[in-house]
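Next come the chains, spelled out residue by residue.
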Amino acid sequence: MKLSIAISWQETKFGAIAKGDAPALIDHAKSLGYDAVELAVCNPDAVDAESLLRCLNGMPVSAMGTGQAFLTDGLSFTDGSASVRRSAMERLASHCRLASRIGCPLVIVGLIRGRSGKQRNLVECLRRVCILAEEVGVRLVIEPINRYETELVNTAESAMELIDQVGAANLGLLLDTFHMNIEESNPAASLIKCKERLWHVHFADSNRLSPGAGHIDFAQVAGILQALKYGGYISAEIVPKPDAQSAMENALHNMRRSAGTAASTL
Ligand code: LER
Ligand code: MN
């Protein structure tokens, strides 16, 4: 299993991510033995790609998070205003260009879809940004998010329906165990059902701490992913407690242990 850790490159309001001194956190991820980092970026136009690449120093970037564009700047694909929707699309296009520049294959569509609004606008915006993503050779993943954060796309099934409606070959699925634990009636069955389109996975326990700190059976999840021959990254997206460094260390240790004890349950 390829293991990654979600780190915020810029300041963020999002609580379930390693944040602070991003270059030091990237170095820490490297020294612990992570295979990659996932980077959350609020505004790619404020990022100097050259210094980011220097700081990565060869460390792969598994995916780029974009939710801060909504949480900080209020941009979403379902906003009632057409000009805000246009700005959200431009922002995501900019994420795609930065991702392409730094060799990151996936851009995440999380809360940039908004908390409520018209599905028609979401489909239309996704169609357009999929074309822009295609032009720079990156893929997008839509992440089902639990009902307490958004009304739009809470389950794997609704995400697969959306992917069908958009009809773009470069739109896939990200499943996050924290959200699955709230929304999926049968998380194991959902993983299996979506296997063809599953391109990225977030690991966080039921309390959003490192795997092992709550009650999700990660050996079972890892067993399913192994049996499905899932080839993407598993990225820990966790509340950085007691501090980011120890949370990163605990997450890696427990993800490796889950992979080691994974029972092939298919
Ligand atoms: C982002 O990956 C996520 O899981 C969401 O909870 C963001 O609000
Ligand atoms: Mn997530």
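The paragraphs below set out a description of the structure included in this document. (Residues numbered from 1 in each chain as written. Chains lettered and ligands numbered in written order. Predicted model: local features only at pLDDT ≥ 70, side-chain atom pairs only at ≥ 80, totals over all residues. Heavy atoms only, no water.)

### Some thoughts on the overall build of the chain
Our working definition: Only DSSP runs of H or I covering at least 4 residues are called helices, and only runs of E covering at least 2 are called strands; the numbering of each starts at the N terminus. Using C-alpha atoms as the atom set, the radius of gyration is obtained and then compared with a globule rule of 2.2 Å times the number of residues to the power 0.38. We call two residues contacting when some pair of their heavy atoms lies within 4.5 Å. With residues, only the protein chains shown are counted as cover, and all accessible areas are computed by Shrake-Rupley using a 1.4 Å probe.
Regarding its fold elements, the chain presents 10 helices and eight strands. Since a compact globule built from 266 residues should have a radius of gyration of about 18 Å, the 17 Å found for the chain is in line with a globular shape. When the backbone C-alpha atoms are referred to their principal axes, the chain occupies close to 50 × 40 × 30 Å. Sequence separation of 24 or more characterises 78% of the internal contacts of the chain that already satisfy a separation of 6 or more. When the accessible surface of the chain is summed, it comes to about 11,000 Å², and 48% of that surface belongs to carbon and sulfur atoms.

### Quick look at unusual backbone geometry
For the record, the criterion: For every residue, the accessible area (1.4 Å probe, protein chains only) is compared with the maximum for its type, and the residue is labelled buried under 20%, exposed over 50%, or partly exposed between those bounds.
With an omega of 0°, the peptide bond between Lys241 and Pro242 qualifies as cis. As for its placement among the helices and strands, Pro242 is situated in the loop between strand 8 (233-236) and helix 10 (244-261). Within the chain, Arg208 stands out as a residue other than glycine whose phi angle is a positive 70°. Along the chain, the position of Arg208 falls in the loop between strand 7 (198-203) and helix 9 (218-227). Residue Arg208 is classed as buried on the basis of its relative accessible area, which comes to 9%. Unlike most non-glycine residues, Lys229 shows phi in positive territory, near 60°. Its place among the elements puts Lys229 in the loop between helix 9 and strand 8.

### Considering helix 9
So the rule is basically this: For this analysis, a polar contact is any N or O atom pair within 3.5 Å, provided that within protein one partner can donate a hydrogen and the other can accept it, and provided that sequence-adjacent residues contribute only side-chain to side-chain pairs.
Within helix 9, seven of the 10 residues are buried, which leaves it mostly tucked inside the rest of the structure. Two or three places before Ala219, at the opening of helix 9, Asp217 has a side-chain oxygen 3.3 Å from that residue's backbone nitrogen. After helix 9 finishes, the residue Lys229 shows a positive phi value of roughly 60°.

### Considering helix 2 (residues 49-56)
To keep things clear, this is the line we draw: Think of it as the arc spanned by the lines of direction from the helix axis to the C-beta atoms.
Ala49, Leu52, Cys55 and Leu56 are the residues of helix 2 that are buried. Each buried residue of helix 2 lies within a common arc of 125° when the element is viewed along its axis, so the set occupies one face. Structurally, helix 2 contributes buried residues whose contacts are with helix 1 (22-32), strand 2 (36-40), strand 3 (61-65) and helix 4 (82-102). With a side-chain oxygen lying 3.1 Å from the backbone nitrogen of Glu50, the N-terminal cap of helix 2 falls on Asp48. Of the residues flanking the end of helix 2, it is Asn57, one or two places downstream, whose phi is positive at about 45°.

### As for the pattern of salt bridges
Rules: Here, a salt bridge means any side-chain nitrogen of Lys or Arg that lies within 4 Å of a carboxyl oxygen of Asp or Glu.
Summed over the entire model, instances satisfying the criterion amount to seven salt bridges. Of the charged contacts in the structure, one is a salt bridge between Glu183 and Arg147, with a shortest N-O distance of 2.9 Å. In this pair, Glu183 sits in helix 7 (residues 177-183) while Arg147 sits in the loop between strand 5 (139-142) and helix 6 (156-166), placing the two residues 36 residues apart along the sequence. What makes Glu183 buried here is its relative accessible area of 13%. Across the pair Arg208 and Glu237 runs a salt bridge whose closest N-O atoms are separated by 3.4 Å. Highlighted residues: Arg208 in the loop between strand 7 and helix 9 and Glu237 in the loop between strand 8 and helix 10, separated in sequence by 29 residues. The pair Arg208 / Glu237 is uniform in exposure class, with both members buried. Three or more residues are tied together by salt bridges with common partners; here these are Glu149, Asp176, Arg208 and Glu237.

### Points about the coordination of the manganese ion (ligand 2)
For the record, the criterion: The rule for donors is simple: N, O or S, within 2.8 Å of the metal, or within 3.2 Å if the metal is Na, K or Ca. Water isn't counted, so a site may look like it is missing partners. Any site counts as irregular unless it has four donors with all angles between 85 and 135 degrees, making it tetrahedral, or four or six donors with opposite ones more than 155 degrees apart and the rest between 65 and 115, making it square planar or octahedral.
At the metal site, the manganese ion (ligand 2) is ligated by Glu143 (OE), Asp176 (OD), His202 (ND1) and Glu237 (OE), and these contacts range over 2.1 to 2.2 Å. Angles of 69 to 176° at the metal separate the six donor atoms of the manganese ion (ligand 2), which places the site in the octahedral class.

### Quick look at the packing of helix 1 against helix 10
Using the following cut-off: Every axis in this analysis is a line fitted to C-alpha atoms, fitted for helices over the stretch in contact. Angles between the N-to-C directions lie between 0 and 180 degrees. Angle categories are assigned with fixed cut-offs, so that under 35 degrees is roughly parallel, over 145 is roughly antiparallel, 65 to 115 is roughly perpendicular, and the rest are oblique. Handedness of a crossing follows from how the near helix is turned relative to the far one, being left-handed for an anticlockwise turn of less than a right angle and right-handed for a clockwise one.
Put simply, helix 1 and helix 10 touch, their axes get as near as 10 Å, and they point 30° apart. Between helix 1 and helix 10, the angle falls in the class roughly parallel. In this structure, helix 1 meets helix 10 at a crossing whose hand is right-handed. For the pair helix 1 and helix 10, contact is made by Leu25, His28, Ala29 and Leu32 and by Ala244, Gln245, Met248, Glu249, Leu252 and Arg256, respectively.

### Here's the deal with the pairing of strand 8
The criterion, for reference: For two strands to count as paired, DSSP must find a minimum of two bridges between them.
Judged by which residues are buried, strand 8 turns out to be covered on both faces: Tyr233 and Ser235 on one side and Ile234 and Ala236 on the other are all buried. Here strand 1 (residues 2-8) pairs with strand 8 via four bridges, running parallel. Its bridge partner being in strand 8, Lys2 is matched across the sheet by Tyr233. In the sheet, strand 7 pairs with strand 8 via four bridges, with the strands oriented parallel.

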